[in-house]
Amino acid sequence: MSGSALYDTYARNPLAFERGEGVWLIAEDGERYLDFAAGIAVNSLGHAHPHLVAALVGQAGKLWHVSNLYEIPGQSRLGERLVENSFADKAFFTNSGAEALECAIKTARRYHYAKGAEERVRIITFEGAFHGRTMATIAAGGQKKYLEGFGPKMEGFDQVPFGDLKAVEEAVTPETAAVLVEPIQGEGGIRVLSSSVLRRLRELCDKHGLLLVLDEVQSGVGRTGKLFAHEWSGITPDIAAIAKGIGGGFPMGACLATEEAASGMVPGVHGTTFGGNPLAMAVGNAVLDILLEEDFFEAVARKGLQLKQGLMALADRYPDVVEEIRGEGLMLGIRCKVPNTDLQKAMREEKILGAPAGENVVRLLPPLIVSEEEISNALERLESAMRAVSPGTDGADGEEKGS
Ligand SMILES: *Cc1c(COP(=O)(O)O)cnc(C)c1O
């Protein structure tokens, strides 16, 4: 017995929070933490946002759940709003990111099936990808550490190096159905796919009759300063998965598709009990109310630049701690020279939270409502944390190193 009633699948920090206010999390002992992880890009509008609380409480007194056998007006409305503001014509609501990806994968395969090309089932994905923890999405992500011990890897995914267009071209066969990619890899370490590569991927998909499927579970919903990260490149996908930020902390996701791409998804072929229920839809609509306010995205882009410039200045001052600053908008990564776990720990001591990622990166994903003052405050805390882990200063200013 490990002493806990819970599965031991998480390496948890010995820290519990009691409540949140905006960008702040308040621990059980009353300590206030600046939350620059936001539940890993989930709490897009911070904690306990009054508009979201009102939407949830208001809906809770009326109706929690009805089956998708009935009309759900909040679902139709959220679908229409997402469609109006994106490339998509159709939406399917889920409870999580992985389920949104499952729907995306099924939609892509069904598209070819409905066109009479049932052999086209294979999907090209990229090394370092993360698409979730279901059997299909661990196969899509292709990471050994998530596949090992879980039996046969689901067939149908061909992986190539991140952003390698030549490798994509070579991987295309008559059985290929789609290319699936994150515009910015999140778990993989805030690795940005350049706009030019995304545009060429689009061309390559068109040339071979493949669907372009984007995983915007982390990069979407305003995170980069546009509703979707792919908007920066000027291209549109055929299918996109979103989740995380759209619920602002309420579990939900969606698969978005063009009418053409969704043409195989006819009555009865897919479904969910909880996806798109009235509670989730009330919150999702409330999140969009705020996101779609005039100048909201411009403010995200501006604040992202402020944070990035501040981080670049820190990178100059602590070259033995920081290898590189990367990312877009409020989806930024500090690639470390020291172990990222050391920087994370020092940050926790300075009462600022980030999230670890691949390639020895610490991710900063603050709520999109973060203020300029809070970013300045965060940069001061980050500087103290960097000073504490800097091998050069060896815990200068009498600050204890690590401990
Ligand atoms: C978090 C994440 C997922 C999986 O979402 P869950 O809600 O955990 O299932 C998929 N893709 C990306 C890019 C993610 O960041």
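Residues numbered from 1 in each chain as written. Predicted model: local features only at pLDDT ≥ 70, side-chain atom pairs only at ≥ 80, totals over all residues. Heavy atoms only, no water.

### A look at helix α8 (residues 195–208)
Consideration 1: The terminal C-alpha atoms of α8, which comprises 14 residues, lie 20 Å apart, in line with the 20 Å expected from a rise of 1.5 Å per residue.
Consideration 2: Every buried residue of α8 is accounted for by V197, L198, L201, R202, L204 and C205. Buried residues in α8, looked at end-on, bunch into an arc of 165°, giving them a common side. Exposed positions of α8 whose direction lies more than 90 degrees from the buried face are R200, E203 and K207.
Consideration 3: Where the residues of α8 are buried, they touch β5 (122–126), α7 (165–171), β7 (176–181) and β10 (211–215). (Helix = DSSP H or I, 4+ residues; strand = E, 2+ residues; numbered from the N terminus. Expected span 1.5 Å × (residues − 1). Buried < 20%, exposed > 50% of the residue type's maximum accessible area, 1.4 Å probe, protein only. Arc of directions from axis to C-beta. Contact = heavy atoms within 4.5 Å.)

### Some remarks on a negative patch on the surface
Consideration 1: A contiguous patch of negative charge, built from E18, E28, D29 and E31, is present on the exposed surface.
Consideration 2: Following the sequence through the fold, E18 ends up in strand β1 (residues 17–21).
Consideration 3: Look at E18 and you get exposed, because its relative accessible area is 57%. (Patch = residues over 30% accessible without salt bridge, like charges linked within 9 Å, V, L, I, M, F, W, Y side chains within 5 Å. Areas by Shrake-Rupley, 256 points an atom, 1.4 Å probe, with all protein chains shown as cover. Salt bridge = Lys/Arg side-chain N within 4 Å of Asp/Glu carboxyl O. Lys, Arg positive; Asp, Glu negative; His and termini not counted. Charge placed at Lys NZ, Arg CZ, Asp CG, Glu CD.)

### Observations concerning the sheet that holds strand β16 (residues 355–357)
Consideration 1: Pairing is antiparallel across the open sheet formed by 4 strands, whose spatial order is β13-β14-β17-β16. The sheet is open, and its two edges are formed by β13 (322–328) and β16, each paired on a single side. Sheet twist, expressed as the average angle between the axes of neighbouring strands with direction ignored, equals 25°.
Consideration 2: Of the strands in this sheet, β13, β14 (331–336) and β17 (361–364) are in contact with helix α10 (residues 296–317), which crosses β13 at around 170°.
Consideration 3: Sitting on the sheet, helix α11 (residues 340–349) is in contact with β14, β16 and β17, with an inclination near 40° to β17. (Pairing = 2+ DSSP bridges. Axes fitted to C-alpha atoms, helices over the stretch in contact; angles between N-to-C directions.)

### Side note on the domain arrangement of the protein
The parts lose accessible area when they come together, and the size of an interface is often stated as this lost area.
Consideration 1: Taken domain by domain, the protein holds domain 1 (17–44 + 306–397) and domain 2 (63–291).
Consideration 2: The distance between the C-alpha centroids of domain 1 and domain 2 comes to 29 Å.
Consideration 3: On the side of domain 2, 20 residues touch domain 1, which itself brings 22 residues to the contact.
Consideration 4: Of the roughly 1,700 Å² buried at the junction of domain 1 and domain 2 (both faces included), carbon and sulfur atoms supply 60%.
Consideration 5: Counting across the domain 1 and domain 2 interface gives 2 salt bridges.
Consideration 6: As a salt-bridge pair, R363 and E187 come within 3.2 Å of each other at their nearest N and O atoms.
Consideration 7: Elements supplying a minimum of two residues to the side of domain 1 that touches domain 2: α1 (38–41), β13, β14 and β17. (Domains from an automatic or database assignment. Buried area = accessible area lost by both parts, 1.4 Å probe.)

### Re the nonpolar core
Where a protein is soluble and globular, its nonpolar side chains tend to be buried together.
Consideration 1: Grouped together as the largest cluster of nonpolar side chains are 81 residues, with contacts concentrated most on F36, L291, L311 and I334.
Consideration 2: Leaving out residues up to four positions away in the same chain, L291 has contacts with L45, V221, L227, F296, F297 and L368.
Consideration 3: I123, A177, L211 and V217 belong to the second largest nonpolar core, which has 25 residues in total. (Core = buried A, V, L, I, M, F, W, Y, C linked by side-chain atoms within 4.5 Å.)

### A look at the sheet that holds strand β3 (residues 32–35)
Consideration 1: The strand order across the open sheet built from 4 strands is β1-β2-β3-β15, with neighbouring strands paired in mixed fashion. Single-partner strands in this sheet number two, and they are β1 and β15 (352–353).
Consideration 2: In the sheet, β1 pairs with strand β2 (residues 24–27) via 4 bridges, with the strands oriented antiparallel. Note on β2: the bridge partner recorded for F17 is A27.
Consideration 3: Across the face of the sheet, helix α12 (residues 372–389) comes into contact with β2, β3 and β15 while running at roughly 105° to β3.

### Some remarks on the site of the ligand
Consideration 1: Close contacts around the ligand come from S96, G97, A98, F130, H131, G132, E182, D215, V217, Q218 and K244, and that covers them all.
Consideration 2: Contact between the ligand and G97: an oxygen atom at 2.8 Å from a main-chain N or O atom of the residue.
Consideration 3: The separation between an oxygen atom of the ligand and a polar side-chain atom of K244 is 2.6 Å.
Consideration 4: Protein coverage of the free-state accessible area of the ligand, which is 380 Å², stands at 81%.
Consideration 5: Looking at the shell around the ligand residue by residue, the classes come out as 3 nonpolar, 5 polar and 3 charged. (Near = heavy atom within 4 Å. Polar contact = N/O pair within 3.5 Å; in protein donor to acceptor, adjacent residues only side chain to side chain. Nonpolar A, V, L, I, M, F, W, Y, C, P; charged D, E, K, R; others polar.)

### Thoughts on the layout of surface pockets
To find leftover empty space, a probe the size of one water molecule is rolled over the atoms.
Consideration 1: Its volume calculated, the second largest pocket comes out at about 830 Å³.
Consideration 2: Around the second largest pocket sit 30 residues that line it, and Q75, K90, A91, F92 and F93 are the ones nearest its centre.
Consideration 3: No other element matches helix α3 (residues 73–84), which puts 5 residues into the lining of the second largest pocket.
Consideration 4: By residue class, the composition of the lining of the second largest pocket is 15 nonpolar, 11 polar and 4 charged. (1 Å grid on protein atoms, 1.4 Å probe; cavity = no way out; pocket = protein on both sides within 12 Å on 5 of 7 lines; lining within 4 Å. Points joined across faces, edges and corners; volume = space filled by probe spheres on them.)

### What about the pairing of strand β12 (residues 253–257)?
Consideration 1: Counting buried residues along β12, 5 of its 5 residues qualify, which places the element largely inside the surrounding structure.
Consideration 2: Here 5 bridges tie strand β4 (residues 90–94) to β12, and the two strands are oriented antiparallel to one another. Bridging from a neighbouring strand, A91 pairs with L256 of β12.
Consideration 3: Taken together, the 4 bridges between strand β11 (residues 239–242) and β12 define a ladder with antiparallel strand orientation. Within β12, the residue paired with I239 across the bridge is A257.

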